[in-house]
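# Report on the structure
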Amino acid sequence: MASPIDPSHSTPTNEPPVQVSDDAQGYYVPGEPLVDPRTPTGPIKDRWTTRKFENRLVNPANRRKLSIIIVGTGLAGGAAAATLGEAGYNVKSFCYQDSPRRAHSIAAQGGINAAKNYKEDGDSTHRLFYDTVKGGDYRSRESNVYRLAEVSANIIDQCVAQGVPFAREYGGLLDNRSFGGVQVSRTFYARGQTGQQLLIGAYQAMERQVAAGTVTEYTRHEMLELIVADGRARGIIARNMVTGEIETHLADVVVLASGGYGNVFYLSTNAMGSNVTATWRAHRKGAYFANPCYTQIHPTCIPVSGSHQSKLTLMSESLRNDGRIWVPKKKADCDKDPRQIPEQDRDYYLERIYPSFGNLVPRDIASRGAKNVCDEGRGVGPEVDGVRRGVYLDFADSIARLGEDAVREKYGNLFDMYKQITGENPYEVPMRIYPAVHYTMGGLWVDYDLQSSIPGLFVTGEANFSDHGANRLGASALMQGLADGYFVLPNTIREYLADGPFDALDESHPAVAEAKKSVEDRVQHFLSTNGTRSVDSYHRELGNIMWEYCGMERTEDGLKKAIDLIRGLREDFWRNVKVLGTADSLNQSLEKAGRVADFFELGELMCIDALNRRESCGGHFRAESQTEDGEALRHDDQFAYVAAWEFGGDGAQPVLHKEDLVYTAIEMKQRSYK
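Residues numbered from 1 in each chain as written. Predicted model: local features only at pLDDT ≥ 70, side-chain atom pairs only at ≥ 80, totals over all residues. Heavy atoms only, no water.

### Digging into the sheet that holds strand β9 (residues 246-250)
Across the sheet, 3 strands lie side by side as β7-β8-β9; this open sheet has antiparallel pairing. Strands at the two margins of the open sheet, each flanked by one partner only, are β7 (221-229) and β9. Put simply, the sheet's adjacent strands are angled 25° from each other on average, direction ignored. As paired strands, strand β8 (residues 232-240) and β9 are joined by 5 bridges and run antiparallel to one another. Directly across from Gly235, in β9, lies its bridge partner Leu250. (Pairing = 2+ DSSP bridges. Helix = DSSP H or I, 4+ residues; strand = E, 2+ residues; numbered from the N terminus. Axes fitted to C-alpha atoms, helices over the stretch in contact; angles between N-to-C directions.)

Spelled out as structure tokens, the structure:
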């Protein structure tokens, strides 16, 4: 692999050199500029075709000699395992759940984007590409996003062939609906269960390869360390979560498809087990972590009801197609029954501020809008800690226009879920929603081939950073996961594997022995500390710090305070955490301890990244950088780059490498949805 570090690379001549931010000095070390050596040149519509042709092939006989480890069995990992297994490679698939079908992709609700233009409403590959780059506030890679839009149509054909029960119109054709940040209907869906249905498709394709003998499943296994031998990723150390055994697994190449890191905030829409350990252990071994501060706050979640909660529940963004968002105009009306508040006393604030997009503005804008009206004292619902944090999502108009049966057909399972959790019937009373941490756009840095800065380590889906910039458009997560797993990775990983099989390793190799010992030492430390505080108490306190100072709005003073608080709390954690149980059996307290330890380090890097980026873009909103009317204000002359962080070592400052973002197919402009 060509080195991504290019000392001769310089910033574009038409822009001033990027300067180290004054407020971040002392928190990191500037590194060499970064370039992606794999990105093809030429017309953007030809780049993916060119790259596929240029990548070398691996003949079928040699594929049988090559082994691949894939960590994660969601849409990205499951699709990759199925495709690479069918191609003839020997695949080991790992997940910490008791079945690949329980991967967190199952929780996605609203749909999957594809540029099919079935509605004949002006959609195209180029428009999906443009909407995605614009939605990400011009902080994503142009070539990667165009490739994603280009292969999106193939995903739908693949999934239909697998039997995924997409919604259909009366005549039998596949139906589409709209999502935030766009003005066309390109989202394919299966009621509010799209992620589940797509995951079943990928799962059955993978299980077919399990039966064929090309894929071996390892359930209830958690990756705790990456093995890097002779400069290449060659395997993982995993803990059998049932028996406690620390196992070594070796291969020619490693693929991480382990999802995002939203649970650093403790309260999020992620499953309780979702964590950052797989990618963070790779980061500590040399894989750059890109744009960690880019966290997506989803606008459509059930509000927090009290301090007893351990997670939040997502209500699909698709609900914004037919639901209208509002709060009372007067603070005095906030505790009234919403049905008793007349139309003239309601503030449909998104429709008022953003008339072109209305309730379909992107997630970051809708989330900040809800925060602003609640901060004004016009939030609704019960008070939690003295504040009402909720806005109404009202379906009365749609029920009157379409009929309750039509609304039930589209969203019935979502309405049922809401009623079970809140005890309120959304067919009769407006839903209450509020923003919550959801998706993370940051992740391990990868080149155009999805290879990290460690040769032989590939990263797919939400675990990498490459496609969504500073804000992900709704219904694009499923699109990226399946695009990476079915179509991109199988065409790029062969360039690396064409040099294999690589020299065989065994457990006596120093790099393998060191990786295993580091895991054993970490486990032993947690079990022997015998402190006074539970892991959950530390995680909750870390989450409070992150939400308060690195959540929907960030400031210089707040981020610096957060870094100090995290460092102090992390030191206390390592000397005062209490982990019950033993190492040789099922031990969820031990599992959590390792994950929270990594969250501490990630949380600090997120704050440093946010402190360095003295601009507002997408989900990253610095209060010091906003327009007169409160919108995000970018500074393209200083921050049009990917921030790729290199681990500096324990106790040392991280190293920042900057990859310039260059646009040739679209114009970088201030984003507007008004």
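We are not done yet, so read on.
### Concerning the sheet that holds strand β21 (residues 641-646)
The 5 strands are arranged β1-β22-β21-β11-β19 in an open sheet whose pairing can be described as mixed. The sheet is open, and its two borders are formed by β1 (29-30) and β19 (443-444), each paired with just one other strand. Bridge analysis of strand β11 (residues 289-290) against β19 gives 2 bridges, and the strand direction is antiparallel. Bridge pairing links Ala290 to Gly443 in β19.

### Section: the pairing of strand β18 (residues 431-440)
Burial runs high along β18: 10 of the 10 residues are buried. Summarising the sheet, strand β12 (residues 295-301) and β18 pair through 4 bridges and their orientation is antiparallel. Within the sheet, the bridge partner assigned to Thr295 lies in β18 and is Thr440. Bridging between strand β17 (residues 391-394) and β18 involves 3 bridges; their strand directions are antiparallel. Bridged to Val391 within β18 is Ile433. (Buried < 20%, exposed > 50% of the residue type's maximum accessible area, 1.4 Å probe, protein only.)

### Structural notes on the domain arrangement of the protein
Entries for the protein in the domain assignment read domain 1 (29-44 + 55-294 + 441-497), domain 2 (298-438) and domain 3 (510-641). Computed from C-alpha atoms alone, the centre-to-centre distance between domain 2 and domain 3 is 30 Å. In this complex, domain 2 contributes 12 residues to the contact, which on the side of domain 3 involves 9 residues. Summed over both sides, the interface between domain 2 and domain 3 buries roughly 810 Å², with carbon and sulfur atoms accounting for 55% of that surface. In terms of surface lost to domain 3, no three residues of domain 2 exceed Asp364, Arg368 and Lys371, which account for 53% of the buried area on that side. One can count 0 salt bridges joining domain 2 with domain 3. For the side of domain 2 that touches domain 3, the per-class residue count stands at 5 nonpolar, 4 polar and 3 charged. (Domains from an automatic or database assignment. Contact = heavy atoms within 4.5 Å. Buried area = accessible area lost by both parts, 1.4 Å probe. Salt bridge = Lys/Arg side-chain N within 4 Å of Asp/Glu carboxyl O. Nonpolar A, V, L, I, M, F, W, Y, C, P; charged D, E, K, R; others polar.)

### Some points on the nonpolar core
Residues Ile112, Leu256 and Leu457 are the most contacted members of the largest nonpolar core, which totals 179 residues. Counting residues per element, this core draws most heavily on helix α16 (residues 588-612), which supplies 13 residues. If near-sequence neighbours (up to four positions away) are discounted, Leu256 is found in contact with Val71, Met223, Ala278, Thr279, Ala282, Leu444, Leu457, Phe458, Val459, Thr460 and Ala463. Within the second largest apolar cluster, 5 residues are counted, among which are Ile341, Tyr348, Val380 and Tyr392. (Core = buried A, V, L, I, M, F, W, Y, C linked by side-chain atoms within 4.5 Å.)

### Notes on the packing of helix α6 (residues 194-212) against helix α12 (residues 477-497)
Two numbers describe a pair of packed helices, the interaxial angle and the distance between the axes. Between α6 and α12, the shortest axis-to-axis distance is 11 Å and the interhelical angle comes to 10°. In terms of orientation, α6 lies roughly parallel with respect to α12. Contacts between α6 and α12 pair Thr194, Gly195, Leu198, Gly201 and Ala202 from the former with Leu478, Leu482 and Tyr486 from the latter. The class makeup of the residues in the contact of α6 with α12 is 5 nonpolar, 3 polar and no charged. (Parallel < 35°, antiparallel > 145°, perpendicular 65-115°, else oblique.)

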